[in-house]
Structures are given as structure tokens and as C-alpha cells.
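Each chain, letter by letter, is given below.
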Amino acid sequence: MKTLIKEFTRGIIKENPTFVLVLGLCPTLAVSVTVANGIGMGIAATFVLLGSSVIVSLIKDLIPDRIRIPCYIVIIATFVTIAEMSMKAYSPVLDRALGIYVPLIVVNCIVLGRAEAFACNNSMSRSFFDGLGMGLGFTLALILISAIREFLGSGQLLGHTLVKGFEPIFVFGMPSGALLVIGLLLGFFNFLKNRKT
Amino acid sequence: MRNNLIVSGSPHIHKKASVSRIMWTVVLSTIPAGIAGVIIFGWDALWIILAATIAAVSTEWVFELITRRKVTILDGSAVITGILLAYNLPSGVPLWLPVAGAIFSIIVGKAVFGGLGQNIFNPALVGRVFLMASWPKYMTAFPKPFSYDAVTSATPLALLKEGKLVEHISYWNLFLGNRGGCIGEVCILALLIGAAILLIKGYITWHIPITYIFTTALLTYIFGAKQFFHGDWLFHILSGGLILGAFFMATDYVATPLTPKGQVIFGVGCGLITVVIRLWGGYPEGVSYAILMMNAATPFIDRYTRNRIYGT
């Protein structure tokens, strides 16, 4: 049980996919304009990560080593299709906002990375908690980045205006703002880490 | 007696110039342009210069306290960043704008890279481009010279871009600064006085400014008009921020090449990008983007123009 909790918490801070492993930057840069987009992307990616990690760990002994990557991609694509279709059916607004980045979860390097680095060597229960922790870490990172960008770039948070008379800083709503925020946060977390040691 | 014998590596020649001495001389050399800006645009210009300078210095102080670095606010570099940022703003902006720009300049343009000597871009220009991208409506409203109220007028380059430059502004007016523009860029006469101080003192060399201005003049002469070789090159030198940029911002010690050969390449590159933006780009003025882009290219220029070490 203790190891399972460790697998779960590792992805959130110690091996956070965005700020420590620096994986999956493409969707992070693209969809982090508003918090709603960030949460939607995070949940979709977590669902795919969870499903693919479990299935990969279950059939890891059946897959021949040489064609394992195509097999992983097929499994991941299945879950991405489920996520995309559900999003289209139940939340068309979010689907329109995220656009191409939902299908692109197939090639998200966090998902493939966990399948290749963790799920193919570990039991189903450990892979489940690893996927859940990584997904949650990715979601939290997205929420943090998109909250900063939405607040500074439009003066709002989840669509609600927080401070009256605040002149939004347009640059944070633009792609350059995404690179800026991610770079500064990465630097800040590294600074904290160096300080500790 | 024994303590007087210090064994150290070369160079052994000692000069009085130090970082803070150079920096304070640069501050001194920017003062004429500031006075001209205040005369042309009124007291608003002075408040903006003061706000940007105070914000830049205090941001550097607070950041160095938090990160427990050595406090270097007395070396004058933050003062220059603040002054140059203010010189790149129209005089009608609200006072929080230079403050926001100065904070961004110091933190993102300089401190996160490790302070003075480590920054890859000119901090003042980083702040200006940030303000330009964030609050364009303030950054493109230029108060009319000598009117001292809220009347705005377009800059000569903006008029040229929109094809509305009907009445010709005399070169003499452009030279003295009787035109719409940023606080520190309009009065060419005052800028040249400051530049002369720096050149005579030897704190900047001619390589970057002269090649920059010459390239801009040559290319605008060739391509500036519908017919080749009919461009109004003098107009392009005297309008916009070219003189301010060439002498005070493209000559930043940290973010420009070290060798004379590299500096010539840097100046020519700046001129090329400026002309491309002015004549064919979306913005009326391209000096700040040109200098920033060449700042980014500086490590490559330095690598390929390195002096051969004697004997290798």
C-alpha cells in the first residue's frame, strides 16, 4: 500500500511531468489560455494516461518487444478516441476550444513516456497509481499556468472578472506569454529545489 | 613590502574605468535628450522618466534582497535601464505603464539571467517590447510636441506607413525634435551631444552606431521610394528611434559582439532589419526589434569573429 501511495504522489511534485520531466509542452503551451481549457485538457489527458497505463501493464507480456511502440500507440489512440467523442457529445464548447489538441494527445510524450518507462515493467495496480499521479500532476501544472495566463492576460479567472479597473496584459494571452510563464515557473521551481539542497 | 608584490595573470594595464564609472557616464550622456524631451513634451515626460528610473532601481534592490545576491543598485546600470525605457515611451502614457515596464525590464530582461553582465537582451528594449505587446493603445498614442495637453499626433514614420505624409516635415524640425514621437528619441541634437560624450570618453566605439546608421541610410536610399535610388534617406535617419537606438541601445556592452569585426556585422544586421520592418513590415518603426534580434544573434557573431590567439 505504501509503495502505491508513493507511486501516486511522485507524479505530482517530485517528478511533475511539466516542471520536472518537461514533457508534453506542446499542449501545455497551446491550451493554457484559460483555466477552463486547462482543466479540460488535464482531465482528458489523465483519462488517456490512466487507461493506457493499465492496459499496457496488463498485456505487457503478450506484446513482442520489437513492435511494442505501435501497440502502445493503438491502445493510446483508442482511449483518445473515447475521450474525444465523449467531449464532442457532452461538452461541445470545450471541444471547440481545445480543437486539434485533443486528438493530439495520442502523440503526447507524457502518455507514451509512462507506457514505455513505467507501465511495461510494473504491475497493473502500480501502473494505475502512477498514471493517476502523473495525470494529476499534469492537470495541476496546467491549472497553475492557465490561471496565471488567464488572470494577467484578461483579468479574469474561470470567466469571472476579479479586479475591477485592471488593464489586462495582452502579452500573456499570446503564445509568447505561454513561453514566458512556463520559463519563469521552471526557473522558479529549480530555484526552490537548489535552495533546499 | 612583500604585500606590494601581487602576482596575477594578464592584462596588467590599469585603467580608471570601472563598471559604475562607465554606467554613470552613460547616465550623464542621456541627460541632454531628457531635458529636450521635457522641453518638448512638458512635465509629463519628467514624471515618466522618474517613475521608470525609480521603479527599475527599486525592483533591482528588492530582487537582490530576496535572492540574497550582492546589492548592485549603485553601479548605475538599473538607472540607465529605467531612463532608456522611459525615453522609448510616448509622453502621454499613464504613470503605472513605465513602472510595469521597468519591473519587467529588470526581472525578465536582466535579473533572471543572473544580473548585469549575464543578460542576453538589452533590458530596456525587453521592457519596451513587453509594453508594446501588452498595451498597444497607450504605446501608439503620441502627444503633439509643444501642446502640453492631450492632443495626439502620429509620428512621421507612422504617417509615412499609412501614406499620409502629405506636408513635408523639414529636416531642421526633425533634427531639433519638433515632431510626434517617444520622449527621448525626438531631439537628434541632444542625442548627438550625449553620443559625443561617450565617443570622446572612449566608452563606445564608432563601429556599431555608424554602420547601423549608414546601412539604414543606404538601404532606404535604394528602396525607400517607388523608383530605385530615390529614397529620402535623411528623413529615415532623423525620424523614429534610430539615433537613440544606434548610440545608446545598440552599444550596450553585454548583449553586443566583442570584436570590431563582430560589431560591424551587428550594426549592418540592425540596419537591415530596421529597414525591412520600416519599409515592408507591419510596424512603422523597427529599431527596437532589430536590436533585440541582433542581440539574440550576438553569441553566433562572437563565435565566428573571435580573434585568433597569437601563436596558435
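Fair warning: this is a prediction, and the values are worked out from it, not measured in the lab.

Q: Just checking my understanding: could you explain the overall build of chain A for this structure?
A: On a plain count of helices and strands, chain A comes out with 8 helices and 2 strands. Each helix and strand of chain A, placed in order from N terminus to C terminus, yields the pattern α-α-α-α-α-α-α-β-β-α. Here the C-alpha coordinates of chain A stretch approximately 60 × 50 × 30 Å along the principal axes. Taking all 197 residues of chain A together, the buried fraction comes to 38%. Considering only contacts in chain A between residues 6 or more positions apart, those separated by 24 or more positions represent 75%.

Q: When you look at the overall build of chain B in this model, what are you seeing that I'm missing?
A: When helices and strands are tallied, chain B shows 14 helices and 0 strands. Taking 312 residues into account, the globule formula puts the C-alpha radius of gyration at 20 Å, and chain B, at 20 Å, falls close to it. Its C-alpha atoms give chain B principal-axis dimensions of about 75 × 45 × 30 Å. Looking at chain B residue by residue over its 312 residues, the buried ones come to 49%.

Q: Just checking my understanding: could you explain the environment of B:Ile208 for this structure?
A: Within the secondary structure, B:Ile208 is located in helix H10 (residues 207-223). We classify B:Ile208 as buried; it has 28 C-beta atoms within 10 Å.

Q: Before we go on, may I ask you to explain the interface of chain B and chain A in this structure?
A: Quoted interface sizes are often the accessible area lost when the parts come together. If you look at the interface, chain B gives 5 residues, while chain A gives 6 residues. Grouping the constituent residues of the side of chain B that touches chain A by class yields 4 nonpolar, 1 polar and no charged.

Q: Got a minute to help me understand the packing of helix H1 (residues 19-41) of chain B against helix H2 (residues 43-66) of chain B in this structure?
A: To describe two helices that pack against each other, one gives the angle between their axes and the distance between the axes. Residues and elements named next belong to chain B. Two numbers describe how H1 lies on H2: the axes approach to 6 Å, and their chain directions differ by 140°. The pairing of H1 with H2 is recorded here as oblique in orientation. The segment H1 lies against H2, with Gly-34, Gly-37, Val-38 and Phe-41 engaging Trp-43, Asp-44, Ala-45, Leu-46 and Ile-49. Considered class by class, the residues forming the contact of H1 with H2 number 6 nonpolar, 2 polar and 1 charged.

Q: Explain the confidence of the model for chain B here, please?
A: Interpreting fine coordinate detail is not advised for predicted regions of low pLDDT. In the predicted model, chain B carries a mean pLDDT of 88, and the fraction of residues at 70 or more is 93%. At the level of chain-chain contacts, confidence expressed as ipTM amounts to 0.81, with global pTM at 0.86.

Q: How do you make sense of the nonpolar core when you look at a structure like this?
A: Generally speaking, nonpolar side chains in soluble globular proteins are found buried as a group. Membership of the largest hydrophobic core comes to 118 residues, with the highest contact counts inside it found for A:Val48, B:Ile48, B:Ala52, B:Ala86, B:Ile183, B:Leu191 and B:Ile291. Once residues within four sequence positions are removed from consideration, A:Val48 is found in contact with A:Ile76, A:Phe79, A:Val80, A:Ala83, A:Ile105 and A:Val111. Judged by nonpolar contacts, the second largest core, of 5 residues, contains B:Phe142, B:Ala154, B:Leu157 and B:Ala158.

Q: What's the story with unusual backbone geometry in this structure? I'm lost.
A: Keep in mind that most residues, glycine aside, have a negative phi and that most peptide bonds are trans. All names here are of chain B. Look at Arg-68: it is not a glycine, yet its phi comes out positive at around 55°. Following the sequence through the fold, Arg-68 ends up in the loop between H2 and helix H3 (77-87). Within the chain, Phe-229 stands out as a residue other than glycine whose phi angle is a positive 60°. Structurally, the position occupied by Phe-229 is in the loop between H10 and helix H11 (233-238). Overall, Phe-229 belongs to the exposed group, with 9 C-beta atoms counted inside 10 Å.

Q: It is not clear to me how helix H6 (residues 109-117) of chain A should be interpreted in this structure. Could you clarify?
A: Because the α-helix completes a turn every 3.6 residues, residues three or four places apart line up on one side. Listed in full, the buried residues belonging to H6(A) are A:Ile110, A:Val111, A:Arg114 and A:Ala115. Buried residues of H6(A) fall within an arc of 130° about the axis and therefore sit on the same side.

Q: Quick question: what am I supposed to make of the packing of helix H3 (residues 35-58) of chain A against helix H7 (residues 124-154) of chain A here?
A: All names here are of chain A. Between H3 and H7, the least distance of the axes is 8 Å, while the angle of their chain directions is 165°. As the angle between them shows, H3 and H7 are arranged roughly antiparallel. Considering how the two elements wind past one another, H3 and H7 form a crossing that is right-handed. Taken together, the residues that form the contact of H3 with H7 break down as 19 nonpolar, 11 polar and 2 charged.

Q: Whenever I open this one, the environment of B:Leu125 confuses me. Can you help?
A: Residue and element names in this part refer to chain B. Here Leu-125 lies in helix H5 (residues 123-134). Between the C-alpha atoms of Leu-125 and Tyr-203, which are 78 residues apart in sequence, the distance is 20 Å. Ignoring anything within four residues of it in the chain, the contact list for Leu-125 reads Met-249, Ser-288, Ile-291 and Leu-292.

Q: When you look at the environment of B:Ala100 in this model, what are you seeing that I'm missing?
A: All names here are of chain B. With respect to the helices and strands, the residue Ala-100 is situated in helix H4 (residues 96-109). For Ala-100, a count of 19 C-beta atoms within 10 Å puts it in the partly exposed group. It is 8.1 Å that separates the C-alpha atoms of Ala-100 and Leu-131, two residues lying 31 residues apart in sequence.

Each value, and the rule that gives it
- Residues numbered from 1 in each chain as written.
- Chains lettered and ligands numbered in written order.
- Predicted model: local features only at pLDDT ≥ 70, side-chain atom pairs only at ≥ 80, totals over all residues.
- Helix = DSSP H or I, 4+ residues; strand = E, 2+ residues; numbered from the N terminus.
- Buried ≥ 20, exposed ≤ 12 C-beta atoms within 10 Å, placed from the backbone.
- Contact = placed C-beta atoms within 7 Å.
- Rg over C-alpha atoms; globule rule 2.2 N^0.38 Å.
- Nonpolar A, V, L, I, M, F, W, Y, C, P; charged D, E, K, R; others polar.
- Axes fitted to C-alpha atoms, helices over the stretch in contact; angles between N-to-C directions.
- Parallel < 35°, antiparallel > 145°, perpendicular 65-115°, else oblique.
- pLDDT = per-residue confidence, 0-100.
- Core = buried A, V, L, I, M, F, W, Y, C linked by C-beta atoms within 7 Å.
- Arc of directions from axis to C-beta.
- Left-handed = near helix turned anticlockwise from the far one by under 90°.

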